[in-house]
Amino acid sequence: MSEIAVHRGLSLNRINAMVLRYWYLLLSSWPRLLELVYWPALQIITWGFLQNYISQTSGFFAQAGGTLIGAVILWDILFRGQLGFSISFLEEMWARNLGNLMMSPLKPIEFLISLMIMSLIRLAIGVIPMTLLALFFFGFNFYAIGLPLIAFFCNLIFTSWSVGIFASGLVLRNGLGAESIVWTLMFALMPLACIYYPVSVLPPWLQVVAWMLPPTYVFEGMRALLIDHVFRTELMVDALVINAVLLVASFSIFLALLRSAKRNSSLLSSGE
Amino acid sequence: MNIEQTMSRKPPASDPVASAAIDVAHLVKVYKATRAVDDVSFRIARGSITGLLGGNGAGKTTTIAMIMGLVLPTSGRIHVLGFPMPEQSAEVLGRMNFESPYVDMPMRLTVRQNLTIFGRLYAVPNLTERIDRLASDLDLRDFIDRANGKLSAGQKTRVALAKALINEPDLLLLDEPTASLDPDTADWVRQHLENYRKSHNATILLASHNMLEVERLCDRVIIMKRGKIEDDDSPDRIMARYNRDTLEEVFLDVARGRTRESAT
């Protein structure tokens with residue numbers, strides 16, 4: 001009597017298989033690797049020189065050295081984290097491989113976990129050189145932030161995954177015609193997340209909205225650390241709670257959109 | 001975290017639904033105002049090869065996609081290998097596989113890389129040996145380390161078939177398995193499918209426009225038209241009923257609305 005595998009529960013093997021699939025893809029394509037490094041490098045050099053110029057003319061920025069460069073790097077963690085997630089997902093749409101995956105024993109949660117791992121790998125390839133450039137050109141040691149950096153990073157990456165899961169669900173449901181959402185959705189958070197200015201700059205009613213977004217807590221926390229040399233733990237805890245809610249909500253929405261895609265045959269016709 | 005379980009293959013139960021490879025009852029799929037599949041019922045015995053025939057828009061691909069769980073039916077029920085789909089898909093997805101022109105293998109990855117990934121997804125034991133065996137059986141060795149995107153149409157079809165066979169499925173769903181193949185390669189693929197069915201007692205459901213292929217391979221033919229089953233029998237009996245010598249002639253009769261009576 002032959003033996004068969006019944007694919008219940010989470011499988012590390014299947015998650016590893018998907019990570020391997022994206023790793024093979026990255027290694028097979030030097031433009032994909034270059035793209036990961038190119039924009040972050042340009043960003044940090046441009047904003048670094050701007051910070052240098054402003055700090056020469058403004059007493060505040062001379063005091064608060066590194067807030068601009070720090071904000072640029074943290075914004076890139078948020079933005080590139082989401083792109084790293086979503087582009088790996090889009091690779092399946094571009095390759096018309098989604099049907100193969102959806103009919104395999106791969107579960108949606110395993111698929112999403114593999115995309116999260118890939119977002120970390122892609123982020124490392126793009127952001128680590130960026131931080132080295134900040135150190136080399138502008139003397140800003142991003143890693144000198146120390147342990148608070150872990151709290152900043154975790155909260156930003158969790159938000160980026162929530163946005164990535166939501167955007168991927170929309171593309172899954174609506175096809176590649178919705179691809180532009182992947183590239184632009186995070187920018188909707190930009191004015192409200194208060195990356196380059198404090199929350200107090202916003203009108204009171206917008207401040208209420210801003211405090212619903214975990215990145216707002218991170219950027220406020222970064223400014224508190226770099227300007228006042230205070231690590232505000234309560235901000236990070238609040239952000240973590242909101243992130244937990246966002247992750248659960250985005251996963252639920254993804255499953256609902258997947259079900260809707262199956263109702264509408266979108267998985268068989270994933271074009272425009 | 002890896003809690004995949006291995007269990008003994010159950011012998012066919014006396015329940016006809018459980019013992020069938022596929023059991024479809026009153027299946028309906030409605031897209032807005034269009035009934036793509038309209039009250040379709042059939043049961044496919046294990047170890048058989050069944051052809052699903054019909055013109056474009058007849059509902060073949062939608063029916064197969066619903067059996068695979070890629071499309072949710074509007075109503076009706078589906079059992080695959082004795083388990084209701086999609087509710088208990090985890091029980092059967094590892095025991096079935098498919099090939100379809102609606103999906104591709106990743107183009108930048110080599111054939112070996114693609115087969116490795118799908119082999120891992122299906123938890124194939126002794127994967128390296130399995131890939132070597134498939135490369136030998138399907139004559140992939142000359143291009144197994146070449147990117148999938150650099151293969152000819154015929155080579156890609158053989159690779160897609162290798163992916164469909166990677167887990168030695170009990171149930172194989174094929175949508176136009178020999179489309180875009182030259183006659184020699186197509187014949188060779190058909191021979192391989194026949195051998196696979198015999199050696200594994202596998203069930204194969206294939207949708208095809210190639211009537212000679214269906215005549216040669218299939219024990220049974222289900223003809224669909226406008227979402228409904230128009231006829232369902234062995235190729236010989238269907239041809240006899242329409243008083244035709246080939247399934248192609250039967251297909252044309254059905255497509256052009258000639259009834260069995262008027263065809264005779």
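Heads up: the structure comes first, above all this text.
Here's what I pulled together on the structure shown here. (Residues numbered from 1 in each chain as written. Chains lettered and ligands numbered in written order. Predicted model: local features only at pLDDT ≥ 70, side-chain atom pairs only at ≥ 80, totals over all residues.)

1. Digging into the packing of helix α1 (residues 12–27) of chain A against helix α6 (residues 108–138) of chain A
Residue and element names in this part refer to chain A. Two numbers describe how α1 lies on α6: the axes approach to 9 Å, and their chain directions differ by 45 degrees. Viewed along their axes, α1 and α6 adopt a mutual orientation that is oblique. Read as a crossing pair, α1 and α6 show a hand that is right-handed. Seen from α1, the contacting residues are Arg14, Ile15, Met18, Val19 and Tyr22; seen from α6, they are Glu110, Phe111, Ile113, Ser114, Ile117 and Met118. Looking at the contact of α1 with α6, its residues break down into 8 nonpolar, 1 polar and 2 charged. (Axes fitted to C-alpha atoms, helices over the stretch in contact; angles between N-to-C directions. Helix = DSSP H or I, 4+ residues; strand = E, 2+ residues; numbered from the N terminus. Parallel < 35°, antiparallel > 145°, perpendicular 65-115°, else oblique. Left-handed = near helix turned anticlockwise from the far one by under 90°. Contact = placed C-beta atoms within 7 Å. Nonpolar A, V, L, I, M, F, W, Y, C, P; charged D, E, K, R; others polar.)

2. Structural notes on the pairing of strand β5 (residues 75–80) of chain B
Here is the key point about a regular strand: its side chains alternate between the two faces of the sheet. Residue and element names in this part refer to chain B. With 5 bridges connecting them, strand β2 (residues 20–31) and β5 associate as antiparallel partners. Looking at β5, one finds that Ala25 is bridged to Arg77. In textbook terms, the turn of a hairpin is the stretch between consecutive antiparallel strands, and for β5 and strand β6 (residues 83–85) this stretch comprises 2 residues, one of which, Leu81, has a positive phi near 50 degrees. (Pairing = 2+ DSSP bridges.)

3. Here's the deal with the packing of helix α7 (residues 148–174) of chain A against helix α11 (residues 233–263) of chain A
All names here are of chain A. As a packed pair, α7 and α11 sit with axes 8 Å apart at the nearest point and diverge in direction by 15 degrees. Here α7 lies roughly parallel to α11, going by the angle between them. Crossing geometry of α7 relative to α11 is assigned as left-handed. Its residues assigned to classes, the contact of α7 with α11 shows 18 nonpolar, 8 polar and 1 charged.

4. Considerations on the sheet that holds β6(B)
All names here are of chain B. Within the open sheet, the 4 strands sit side by side as β3-β2-β5-β6. Their pairing is antiparallel. Single-partner strands in this sheet number two, and they are β3 (34–45) and β6. With strand direction ignored, the average angle separating the axes of adjacent strands in the sheet is 25 degrees. Each of β2, β3, β5 and β6 touches helix α2 (residues 60–68); the most contacted strand, β2, lies at about 120 degrees to it.

5. Quick look at helix α5 (residues 127–137) of chain B
Structurally, the α-helix is built with 3.6 residues per turn, so residues lying three or four positions apart point the same way. Residue and element names in this part refer to chain B. Those residues of α5 lying buried are Ile131, Leu134 and Ala135. Buried residues of α5, viewed axially, fall in a sector of 100 degrees; they line one side. Of the exposed residues in α5, those oriented more than 90 degrees away from the buried face are Glu129 and Ser136. Against the buried residues of α5 lie α4 (111–121) and α6 (153–165). Of the residues flanking the end of α5, it is Asp139, one or two places downstream, whose phi is positive at about 55 degrees. (Buried ≥ 20, exposed ≤ 12 C-beta atoms within 10 Å, placed from the backbone. Arc of directions from axis to C-beta.)

6. Quick notes on the environment of B:Arg77
Residue and element names in this part refer to chain B. Relative to the elements of secondary structure, Arg77 occurs in strand β5. Given 15 C-beta atoms within 10 Å, Arg77 falls into the partly exposed group. Sequence-wise, Arg77 and Val28 are 49 residues apart; in three dimensions their C-alpha atoms are separated by 9.1 Å. Excluding residues that lie within four positions of it along the chain, Arg77 makes contacts with Ala25 and Pro84.

7. What about the sheet that holds strand β10 (residues 220–225) of chain B?
Residue and element names in this part refer to chain B. The 6 strands are arranged β7-β8-β9-β4-β10-β11 in an open sheet whose pairing can be described as mixed. Each end of this open sheet is capped by a strand with a single partner; those strands are β7 (96–99) and β11 (228–233). Put simply, the sheet's adjacent strands are angled 15 degrees from each other on average, direction ignored. Pairing between strand β4 (residues 49–53) and β10: 4 bridges, direction parallel. In the strand pairing of β10, Thr50 is matched with Arg220.

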